[in-house]
Amino acid sequence: MSRFLTAPLAALLFALSLPATAQVAALTGVVSDAKGQPLQAVSVHINTQERRGTTDENGRYWLYDLSPGTYLVRFSAVGFAPAEKEIDLKAHDTTRLSVVLQTDSRTLHAVTVVSRSNAAVAREQPENIAVIDTRKYYNRPEGTISLLNQTAGIKVRQSGGVGSEADVYLNGLSGKQVKFFIDGIPLQFMGAGLNLNILPINIIDRIEIYKGVVPVKLGADALGGAIDIVTRNTIKDYIDASYSFGSFNTHQATVNLRKKINPLLFASATAFFNHSDNSYKVDAEIPVAGRPVPYRARRFHDAYTNYYGNVKLGINPRKWADELSVFTALSAVNQQIQNDRFMRQAYGRVTYAERNWNNGIIYKKSNIGGRFSVNAYLAQNRVYRHYIDTSLNTYLWDGTAPAQYRRSGGGESGPLQNSETDIVNTLGRLNLHYQVNENASLTANVLASSYDQQDNNPATKPFPVKLRKKVAGLGFEQEFPSVRLTSISSVKYYDFTTQGYIISLADNTSLSAAHAEKKRWGISEALRWRIRDSLLLKASYEYATRLPDEAELFGIYAERTYPNPALLPEISHNINLGVQYSTAVAGAELNGFYRRADNIIYAPPSSSPFFIMYKNLLKGQITGLDGEVYYRIIPTLKLTVNATWQNYISKTDGVDAGAGGTNNYYNERLPNIPFLFSNGELMYGKPGVFSKRDQLSVWYNAGYTHWFYLYWAKDGAASQKLKIPEQVAQGCGVSYAFRDGYAVSFSVNNLADAKLYDNYGVQRPGRSFQVKIRTFIQ
Amino acid sequence: MKKRNKIKAGLGYGALAAALLFGSCSKKDNPDPSPGNAAVKYAISNVGGAYPSQTTYVQGLANLDITSLDNKNAAELASFSSQWTYNEAVYLTAFGAPATINKYTFDASGRAVAAGKLIVPGANTFSSIEFVSNTEAYASVGGGLAKVIKFDPSSLQITGEIDLSSVVKPDALSIYYLGMKARDGKLFMGVSYFDADFNPYDTAYVVVIDLSQGKVEKLIKDERTANIFLAGSSVSGFALAANGDLYIQGQGTANAPSGVLRIKKGETNFDTAYFFDLKAATGKDCSGLYLFDNGLAFTAQIQDPADAYEMNGPNYRYYKIDLGNKTSSGDISAALPNIFGSSTSIMRKLDDASVLFVVSSSSENALYSYNISDGKVARKITMSSGTCTGFDKLK
């Protein structure tokens with residue numbers, strides 16, 4: 001590990017040794033577009049001083065160590081008409097200058113170019129990052145999961161329709177190894193009401209996907225990367241509302257608004273609602289004298305409903321704060337559960353409900369003294385979970401519950417349960433940014449969380465589960481303009497302490513208090529070499545850590561998942577190498593990745609009727625390539641294609657692998673994981689069809705997943721191997737945006753009505769239709 | 001978000017070997033039973049693969065004149081399954097609701113050929129099968145369905161049910177209907193009751209079913225041991241002696257030792273004059289009962305009593321016992337490694353001279369032979385593709 005530490009630490013020490021220059025005068029401000037959206041990567045140039053800067057993700061820029069005097073400042077960005085302003089800089093003062101850039105009417109496709117100004121620049125960060133600019137999908141009835149699934153290096157496996165469990169594979173790692181954030185706050189903290197699988201894109205500005213190497217600003221204990229949902233952030237009043245409806249009684253509504261109440265205060269609100277009966281048809285079996293007979297069943301107990309509402313009240317930007325706001329958010333999920341994980345046994349009464357009430361405060365201030373920024377978040381989320389499985393009926397796929405199958409005990413999905421759990425989650429994040437000089441900056445981030453769980457089980461009630469986690473990071477970014485090289489070096493610190501209970505293995509009954517704590521360090525380094533404006537090379541490395549979560553540490557008593565407070569964190573060496581080429585007409589990106597993970601937490605099958613238990617058992621290695629190309633065939637027609645190949649092999653020795661001490665599976669590819677998949681989209685965008693500012697969009701997309709084995713390739717007769725078959729999912733749609741802020745769209749999912757499986761035996765919806773209407777008023 | 005319908009379906013029936021997790025859809029089956037192939041004399045199944053993907057493989061063998069066996073010729077099943085055989089067919093009971101029996105015969109190459117499927121919704125698995133004739137068999141189910149399924153093993157169709165509601169105890173959180181043995185028109189089936197804290201009752205229960213009437217005759221109990229919890233596929237708990245006496249092994253609890261009870265031929269009650277306290281005879285609790293000709297019998301002794309379900313590795317050793325004298329001859333071989341005896345401790349008579357048994361450990365998976373005349377053990381077949389969980393000689 002020492003060789004990995006050497007380079008970033010040397011860079012850090014070098015940077016810290018740089019002498020600070022006395023500030024004479026400073027200039028700062030925000031650059032936004034006509035709709036009030038902050039613009040990132042706008043070039044800010046004071047010609048006579050040969051000073052340059054660019055705006056950050058909030059549209060903010062700063063130039064310091066300036067000589068007093070009167071100057072002309074020029075603002076320029078691709079797709080916008082340049083703007084120039086004259087300013088008078090005074091000694092020992094910070095001058096504020098904010099501007100609004102107008103779309104360049106000479107470039108008809110400015111909207112597309114504008115959208116890249118945030119997303120494309122983020123994409124050029126030294127880390128291996130993919131960015132989805134969701135703004136171009138606002139008029140489309142797409143979901144967040146759908147967009148993620150079309151991204152190179154990502155495969156999402158869903159277990160059903162709207163609201164169903166979604167497992168995101170990011171360069172091969174998945175599940176808890178990939179962390180999700182919303183504006184830098186862990187999505188898990190927000191509860192099920194704000195989950196990725198139901199998040200409407202209309203509240204999102206962009207999605208940043210960090211593959212393997214995660215910036216310190218996210219405070220993530222992520223083994224395989226992180227996905228940050230960056231929500232919309234405008235400084236002007238607006239309302240954006242949409243409603244879509246479609247097959248299987250699916251309804252989705254979203255409202256976003258922001259209003260400046262008076263010079264001091266503003267209010268904003270975000271709300272959305274999702275409902276679907278998920279009543280699509282599947283091929284199932286029902287028994288006749290015990291013999292299974294094929295039956296085309298309509299899913300009858302799979303309804304999903306959730307709502308989310310967030311109201312924020314804040315103070316308009318002041319000298320001492322860019323934002324100071326308080327918020328309260330309510331969310332809920334009501335979910336029917338239709339079947340077991342392999343869609344073999346129907347359920348008719350199993351339900352899950354969750355309520356969340358999240359309250360918090362946000363403080364942001366950039367450019368304190370010309371160099372220092374602070375971003376703080378403190379919130380508490382109260383969670384209530386209720387799982388009900390109390391019916392003795394056994395349901396068949398035709399929806400009936402014949403008396404002959406009525407049970408005398410046990411639930412439909414496992415033990416009889418009516419379990420209620422109360423959880424109090426508290427989370428604080430402090431992000432500090434310090435601009436050392438024009439080419440160097442330091443970022444420090446601390447994310448601390450506490451988890452307190454209390455359930456209604458008399459056995460576990462005396463032993464409430466508490467979990468305290470801290471993830472701290474220090475990152476140093478240094479640009480070397482002479483060689484067009486950018487380096488980000490970081491150090492991370494992980495810490496958790498837990499308190500709960502263990503269950504005696506001797507009698508499987510006695511509970512006693514347990515306590516554990518662990519600490520770990522991690523490092524990362526990311527380099528970007530801008531060979532030309534259009535050509536980048538990237539390399540990055542992270543020694544990553546994932547801390548075990550509460551379910552792994554303390555199990556789920558009612559489900560007989562036993563505690564194991566002795567679990568160690570998972571660790572992984574993640575390496576990326578990439579090249580990017582982009583012009584206005586075409587672009588390409590190719591990334592190679594390597595992961596070597598250890599201490600992977602897994603609950604092996606147990607011979608016990610009483611428990612399973614998570615252990616640190618597995619090791620794995622992933623190598624792969626993902627790439628994307630786009631080509632603007634004609635100005636209105638763009639083709640995008642990406643592909644991913646990954647090879648996840650076992651590095652677990654025979655004992656830990658449960659293979660009887662043999663190493664038969666060492667270096668073998670893990671089964672039941674997609675290893676080759678691809679996506680493509682053909683997008684036609686025609687402005688001014690009926691009116692000058694209208695916009696017509698037509699799209700077609702397709703996703704391909706190569707077949708893969710359910711179990712290890714080397715086992716079993718070749719002719720009798722079980723496979724997840726090759727999948728081709730197609731979709732298409734059309735949208736039309738009117739100049740007065742309204743848009744309507746129509747889309748078809750699973751165009752060919754193909755039988756789609758993400759998981760073995762678990763059928764996904766067939767062909768479906770969706771209509772969406774949207775209005776945006778500013 | 002909590003998704004509770006993941007693993008729990010696999011819980012509550014763990015003693016059925018490693019039949020947990022990873023249940024799934026079955027392959028397309030052939031509803032027309034195929035005739036067996038006389039060339040295939042043995043059916044063998046194993047749990048193959050490594051974490052996190054393991055499942056059961058089954059194949060037929062013409063003979064055992066081999067030193068190693070892989071599963072390259074084996075049929076891959078969609079979930080962990082227990083093996084039962086009758087005549088020339090193998091019946092694999094898959095884990096995961098609905099309870100499923102997949103029937104296979106073998107072609108000349110030993111390849112398993114699907115020959116039908118039987119399902120019972122609401123039950124997690126078939127825990128045990130007892131064959132009476134070509135057209136009559138009984139299967140106990142796990143998962144709360146209080147009945148025994150009567151079916152025709154030839155056509156694989158349900159032909160009746162035996163209601164077990166009379167043996168349900170309302171205060172029991174879980175009830176497991178497990179191993180069975182048919183004798184003299186009666187079916188003897190182990191029943192295990194668990195309280196709200198997942199503790200087994202401190203009593204051994206066996207339900208006696210009158211097969212001619214298809215009804216429960218009575219529930220008999222004995223407090224000298226407890227927890228009749230072995231299903232019989234990969235760990236046997238019922239043994240029928242040549243004279244017709246039925247021996248049943250209780251796992252024991254914290255308050256009752258593991259031991260062997262007897263129901264004498266012609267009787268339907270436990271023999272009050274007979275109890276073999278395995279804990280006292282061997283020094284520790286035991287699991288499993290294998291009885292061969294001339295009173296030759298074996299069990300598997302638990303080494304660390306605090307780890308009966310082997311979270312910390314293999315924890316059982318084979319012990320030779322004498323059911324008649326109620327004594328133990330001790331460990332059959334100190335050279336053998338500890339085995340995963342909570343999952344599999346199969347012993348089958350190979351011929352007049354030897355018994356074949358499974359060694360499943362951290363360091364090897366193999367079939368060993370036990371020489372009846374001198375008690376020597378020797379590795380016979382190395383299982384290179386996983387743990388043997390089913391081995392039967394086909395008739």
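Residues numbered from 1 in each chain as written. Chains lettered and ligands numbered in written order. Predicted model: local features only at pLDDT ≥ 70, side-chain atom pairs only at ≥ 80, totals over all residues.

**Student:** Any chance you could explain the overall build of chain A here in plain terms?
**Tutor:** Along its length, chain A carries 5 helices and 45 strands. Here the C-alpha atoms of chain A give a radius of gyration of 27 Å, agreeing with the 28 Å that 2.2 N^0.38 yields for 778 residues. Along the longest, intermediate and shortest principal axes, the C-alpha atoms of chain A span 90 × 60 × 55 Å. Restricting the contact set of chain A to residue pairs at least 6 apart, pairs at least 24 apart contribute 63%. (Helix = DSSP H or I, 4+ residues; strand = E, 2+ residues; numbered from the N terminus. Rg over C-alpha atoms; globule rule 2.2 N^0.38 Å. Contact = placed C-beta atoms within 7 Å.)

**Student:** I keep staring at the overall build of chain B and nothing clicks. Help me out?
**Tutor:** In terms of regular secondary structure, chain B is built from 1 helix and 29 strands. A compact globule built from 395 residues would reach a C-alpha radius of gyration of about 21 Å, and chain B, at 20 Å, matches this within 12%. Structurally, chain B occupies a C-alpha span of about 50 × 50 × 50 Å along its principal axes. Taking all 395 residues of chain B together, the buried fraction comes to 59%. (Buried ≥ 20, exposed ≤ 12 C-beta atoms within 10 Å, placed from the backbone.)

**Student:** What should I look at first to understand the sheet that holds strand β14 (residues 204-211) of chain A in this one?
**Tutor:** Working definition: the strands of a sheet are paired by backbone hydrogen bonds and lie parallel or antiparallel to each other. All names here are of chain A. The 5 strands lie next to each other as β9-β14-β15-β12-β13, forming an open sheet whose pairing is mixed. A single partner strand is all that each edge strand has here, and the edge strands are β9 (129-133) and β13 (185-186). When strand β12 (residues 179-182) meets β13, the two strands line up antiparallel, connected through 2 bridges. Following the sheet pairing, Phe 181 is matched in β13 by Pro 186. (Pairing = 2+ DSSP bridges.)

**Student:** What exactly am I supposed to notice about the environment of Ala 281 of chain B here?
**Tutor:** All names here are of chain B. Its location among the elements puts Ala 281 in helix α1 (residues 278-282). A C-alpha to C-alpha distance of 23 Å links Ala 281 and Val 359, two positions 78 residues apart in sequence. Those residues in contact with Ala 281 that sit more than four places away from it in its chain are Phe 276, Ile 321, Lys 326, Thr 327 and Ser 328.

**Student:** Just to check I follow, could you spell out the interface of chain A and chain B for this structure?
**Tutor:** How big an interface is tends to be stated in terms of the accessible area lost upon association of its parts. Listed per partner, the contact involves 73 residues of chain A and 82 residues of chain B. Secondary-structure elements contributing two or more residues to the side of chain A that touches chain B are β20 (291-298), β23 (351-368), β24 (372-389), β34 (612-613) and β35 (615-634) of chain A. The class makeup of the residues in the side of chain A that touches chain B is 34 nonpolar, 26 polar and 13 charged. (Nonpolar A, V, L, I, M, F, W, Y, C, P; charged D, E, K, R; others polar.)

**Student:** Sorry, what's going on with the environment of Tyr 631 of chain A here?
**Tutor:** All names here are of chain A. Inspection of the secondary structure assignment puts Tyr 631 in strand β35. Assessed through the 13 C-beta atoms surrounding it within 10 Å, Tyr 631 is described here as partly exposed. For the pair Tyr 631 and Ala 586, spaced 45 residues apart in sequence, the C-alpha separation works out to 4.3 Å. Setting aside chain neighbours within four positions, we find Tyr 631 in contact with Ala 586 and Leu 639.

**Student:** Could you clarify how one ought to interpret the environment of Tyr 736 of chain A in this entry?
**Tutor:** All names here are of chain A. For Tyr 736, the position within the fold is in strand β41 (residues 727-737). Note: C-alpha distance between Tyr 736 and Ile 773 (37 residues apart in sequence) is 9.7 Å. Setting aside residues up to four positions removed in sequence, Tyr 736 forms contacts with Asp 694, Leu 696, Ala 743 and Val 744.

**Student:** Mind showing me how you'd approach the sheet that holds strand β24 (residues 327-331) of chain B here?
**Tutor:** Residues and elements named next belong to chain B. What the 4 strands build is an open sheet, ordered β21-β22-β23-β24; its pairing is antiparallel. Looking at strand neighbours, the two that pair on one side only are β21 (286-291) and β24, the edges of this open sheet. With strand direction ignored, the average angle separating the axes of adjacent strands in the sheet is 30°. Direction of pairing for strand β23 (residues 316-322) relative to β24: antiparallel, over a ladder of 4 bridges. When the bridges of β24 are listed, Tyr 319 appears paired with Asp 331. (Axes fitted to C-alpha atoms, helices over the stretch in contact; angles between N-to-C directions.)

**Student:** Can you help me understand the nonpolar core in this one?
**Tutor:** Most often, soluble globular proteins have nonpolar side chains that are buried together. If you look at the biggest cluster of nonpolar residues, it comprises 238 residues, and the most contacted ones within it are Val 58, Met 189 and Val 191 of chain B. Among all residues touching Val 191 of chain B, those that are not within four sequence positions of it are Val 167, Ile 175, Tyr 177, Tyr 205, Val 206, Val 207 and Ile 228 of chain B. By size, the runner-up hydrophobic cluster in this structure holds 19 residues, among which are Ala 26, Leu 27, Val 30 and Val 42 of chain A. (Core = buried A, V, L, I, M, F, W, Y, C linked by C-beta atoms within 7 Å.)

**Student:** Explanation requested: unusual backbone geometry in the structure shown.
**Tutor:** Both trends apply: most residues other than glycine have a negative phi, and most peptide bonds are in trans. Residue and element names in this part refer to chain B. Note the cis peptide between Tyr 51 and Pro 52, where omega equals 5°. Within the secondary structure layout, Pro 52 lies in the loop between β1 (42-50) and β2 (53-61). Cis geometry is found at the peptide bond from Ala 97 to Pro 98, where omega equals -10°. Mapping Pro 98 onto the fold places it in the loop between β6 (89-94) and β7 (99-106). If you check the backbone angles, Asn 227 has positive phi at about 65° while not being a glycine. Along the polypeptide, Asn 227 turns up in the loop between β16 (215-222) and β17 (238-240). Residue classification places Asn 227 among the buried residues on the basis of 27 C-beta atoms within 10 Å.

**Student:** I'm lost on the confidence of the model for chain B in this one. Help?
**Tutor:** Low pLDDT means the predicted coordinates in that region are not meant to be read closely. Residues and elements named next belong to chain B. Residues at a pLDDT of 70 or more form 90% of chain B, whose mean pLDDT is 89. With pLDDT under 50 throughout, residues 1-34 is counted as low confidence; its partners more than four residues away or in other chains account for 129 contacts. For this predicted complex, the interface score ipTM comes out at 0.88, while the overall pTM is 0.86. (pLDDT = per-residue confidence, 0-100.)

**Student:** Even after reading the chapter, I still don't get the pairing of strand β33 (residues 586-602) of chain A, so can you show me in this structure?
**Tutor:** On a regular strand, each side chain points to the face opposite its neighbour's, so the side chains alternate between the two faces of the sheet. Residues and elements named next belong to chain A. Taken together, the 12 bridges between strand β32 (residues 570-582) and β33 define a ladder with antiparallel strand orientation. If you follow Gly 578 over to β33, its bridge partner there is Asn 591. The hairpin turn running from β32 into β33, its antiparallel successor, is 3 residues long. Across 15 bridges, β33 lies against β35 in antiparallel orientation. Each residue of the ladder has a partner; that of Arg 596, found in β35, is Gln 621.

**Student:** Explain the confidence of the model for chain A to me, please; I cannot follow it from the model alone.
**Tutor:** With 93% of its residues at a pLDDT of 70 or more, chain A has an overall mean of 88. Confidence drops under pLDDT 50 across residues 1-23 of chain A; counting only partners more than four residues distant or on other chains, this segment forms 27 contacts.

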